[in-house]
Amino acid sequence: MQTADFRRHAHQLADWMADYFENIAQYPVKPPVLPGDIKDQLPAGPPLRGEAFEQLMADFERIILPGMAHWQHPQFMAYFPATRSAPSVLAEMLTAAIGAQCMIWYTSPAAEELEERCMEWLRSMLALPAGWYGSIHDTASTATLVALLMARERISRFAINRQGWYGQPRLRVYASEHVHSSVPKGVRIAGFGEENLVLIPTGEDFAMLPHKLEEAIRHDLGQGFRPTCVVAALGTTSSTAIDPIRPIGEICRKYGLFFHVDAAYAGTALLLPEKRWMSDGLELADSFVFNPHKWMFTNFDCTAFYVQDKKLLTDTFSIMPEYLKTPLDRQVNNYRDWGIQLGRRFRALKLWFVIRTYGLEGLQARLREHIRIGQWLAAEIENEPDFDLLAPTPLNLVCFRYHPQGGFSEEQLNHINEQLLQSLNDSGKILLTQTKLNGKYTIRLVSGQVETKQEDVEKGWRLIKEMAKQIGR
Ligand SMILES: *Cc1c(COP(=O)(O)O)cnc(C)c1O
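Here is a short report on the structure shown in this document. Note that the structure is predicted; figures quoted are calculated from it, not measured.

### Brief notes about the overall build of the protein
Right, on to step 1. What the protein contains, in helices and strands, is 14 helices and 11 strands.
Right, on to step 2. Against the 2.2 N^0.38 benchmark of 23 Å for 473 residues, the protein shows a C-alpha radius of gyration of 24 Å, consistent with a compact globule.
Right, on to step 3. Each principal axis of the C-alpha atoms in the protein carries an extent, and together these give about 70 × 60 × 50 Å.
Right, on to step 4. Within the protein, buried positions represent 53% of all 473 residues.
Right, on to step 5. Here the contacts in the protein between residues at least 6 apart in sequence split such that 73% fall between residues at least 24 apart.
Right, on to step 6. As displayed, the protein offers around 22,400 Å² of accessible surface, 53% of which is attributable to carbon and sulfur atoms.
Right, on to step 7. Each charge class in the protein was averaged separately, 50 positive and 55 negative side chains, and the resulting centres sit 4 Å apart.

Below you can see the structure in the form of structure tokens.
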């Protein structure tokens, strides 16, 4: 593609993107496609000769776009949001244009130093402990795996890195019964074995019970296991339950366990001083992860990972082949030594664009509005006789079910709500997901896109009530 053509097409795409931003509510939230529908429209082999951009763009609009779920749609209220914003998109364009691979300082000094500065900014914006070191990863799953590997190497004094598991006692990891799937996955990959992940019961608010954690640790010590690591959730995926950080951290200190805090979604709420009760005791943690790509309007992927002990981190991951040595290695951070990948994307740029465009106050104002809307919906549901609120709503994720009169059994209610969710999602007008709380099929609704307004949630709530009435009949 000639540069002149690139210039023309890039201008066209700028218009396309702005139109998409303006018209997003007109798309179905989730496309009505079946498995294979998209692939069947794509030729079995690649073209022999290059094709025109116009042809590509036409096929993108005809084949690809109708097969996409629209995560930025105002009624996309499923999972947790993966947000983007205009400044973040602009930064991604620059990142793509420069096309740098930011594995070490030498190959990308500004990317490394901007990442360092942005991580310092975020550390102070969230009031994280002053001595912590941050770096950017692709996902919270990767960061949690990194934490598990650090825990493993700390307790084995790097013997597992050197010799493998030969001669090791069984190392145990603890998390609440509402643990995110990334933890069992990390436990598998790091070699602990899933049977050595101990799930701790939770209380009425679905947060981990610290005395149950201590019981489990003492029990394991009695059995000859070696308690190694606790992963607490600051905001579980099921219901944004907040595991109590201070008492869990004190137990970790008492028994010498590594303490990782998974704040993938809710960590962004620490931008708000009034939400910092959630992070009380965080100075007792060894590592902490949160995703600006979830609720901080930064395009996927962008995960902020902090550790207290930088030397433990780099001793776990650093390998020094001749071809990666540079004369400045003693003076700079080489983020290749801070995690799993060698090659790294330039992710700090979009974060910098987002933070500078909105400012701390602009980000705070949006989060406060999202939380206010979440509280409004929770109150609506509580006042609706045919609906149950099923969990506390500390932020903007609301957990509920439809509960019509008529003496239905728990099993029947589960079935009714499963049907309701399916019908809502099939309508293309809204997308929601579910969880199980105390055996109850629970509908989750969360809305945190950068432009989310109360009327968007009102519209979703009206759809839910209308569909529920139809199913109730
Ligand atoms: C979303 C989520 C994760 C995983 O995030 P990825 O960045 O997609 O790996 C981990 N933990 C919790 C609590 C989450 O909500």
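### Description of the packing of aromatic side chains
Right, on to step 1. Within the structure shown, the criterion is met by 17 aromatic pairs.
Right, on to step 2. Seen in terms of ring centroids, Trp165 and Phe192 are 5.8 Å apart; in terms of plane orientation they differ by 70°. Their pairing is edge-to-face. Here the residue Trp165 occupies a position in the loop between helix 6 (159–163) and strand 2 (171–176), and Phe192 occupies one in the loop between helix 7 (182–189) and strand 3 (197–200), the gap between them amounting to 27 residues.
Right, on to step 3. Here Trp165 falls in the partly exposed class, since its relative accessible area comes to 29%.
Right, on to step 4. Judged by relative accessible area, which is 4%, Phe192 ranks as buried.
Right, on to step 5. For the ring pair Phe387 and Tyr402, a centre distance of 5.2 Å and an interplane angle of 45° mean the geometry is tilted. Note that Phe387 is positioned in strand 8 (residues 387–389) and Tyr402 in strand 9 (residues 397–402), a separation of 15 residues in sequence.
Right, on to step 6. Here Phe387 falls in the buried class, since its relative accessible area comes to 5%.

### A word on the state of the cysteines
Note on terminology: a disulfide is the covalent bond linking the sulfur atoms of two cysteines.
Right, on to step 1. Going through the model one piece at a time under the given rule, you end up with zero disulfides.
Right, on to step 2. Cysteine Cys252 is unpaired, with the sulfur of Cys229 as its nearest cysteine sulfur at 7.6 Å.

### Concerning the site of the ligand
Right, on to step 1. Around the ligand sit 13 residues in total, of which Ala140, Ser141, Asp262, Asn291 and Lys294 are the nearest.
Right, on to step 2. Contact between the ligand and Thr237: an oxygen atom at 3.0 Å from a side-chain N or O atom of the residue.
Right, on to step 3. Asn291 is positioned such that a nitrogen or oxygen atom in its side chain is 2.9 Å from an oxygen atom of the ligand.
Right, on to step 4. Broken down by secondary-structure element, the contributors of at least two residues to the shell around the ligand are helix 5 (140–155) and helix 10 (292–295).

Criteria and cut-off values
Residues numbered from 1 in each chain as written. Predicted model: local features only at pLDDT ≥ 70, side-chain atom pairs only at ≥ 80, totals over all residues. Heavy atoms only, no water. Helix = DSSP H or I, 4+ residues; strand = E, 2+ residues; numbered from the N terminus. Rg over C-alpha atoms; globule rule 2.2 N^0.38 Å. Buried < 20%, exposed > 50% of the residue type's maximum accessible area, 1.4 Å probe, protein only. Contact = heavy atoms within 4.5 Å. Areas by Shrake-Rupley, 256 points an atom, 1.4 Å probe, with all protein chains shown as cover. Lys, Arg positive; Asp, Glu negative; His and termini not counted. Charge placed at Lys NZ, Arg CZ, Asp CG, Glu CD. Phe/Tyr/Trp six-rings, centres within 6.5 Å; stacked < 30°, edge-to-face > 60°. Disulfide = S-S within 2.5 Å. Near = heavy atom within 4 Å. Polar contact = N/O pair within 3.5 Å; in protein donor to acceptor, adjacent residues only side chain to side chain.

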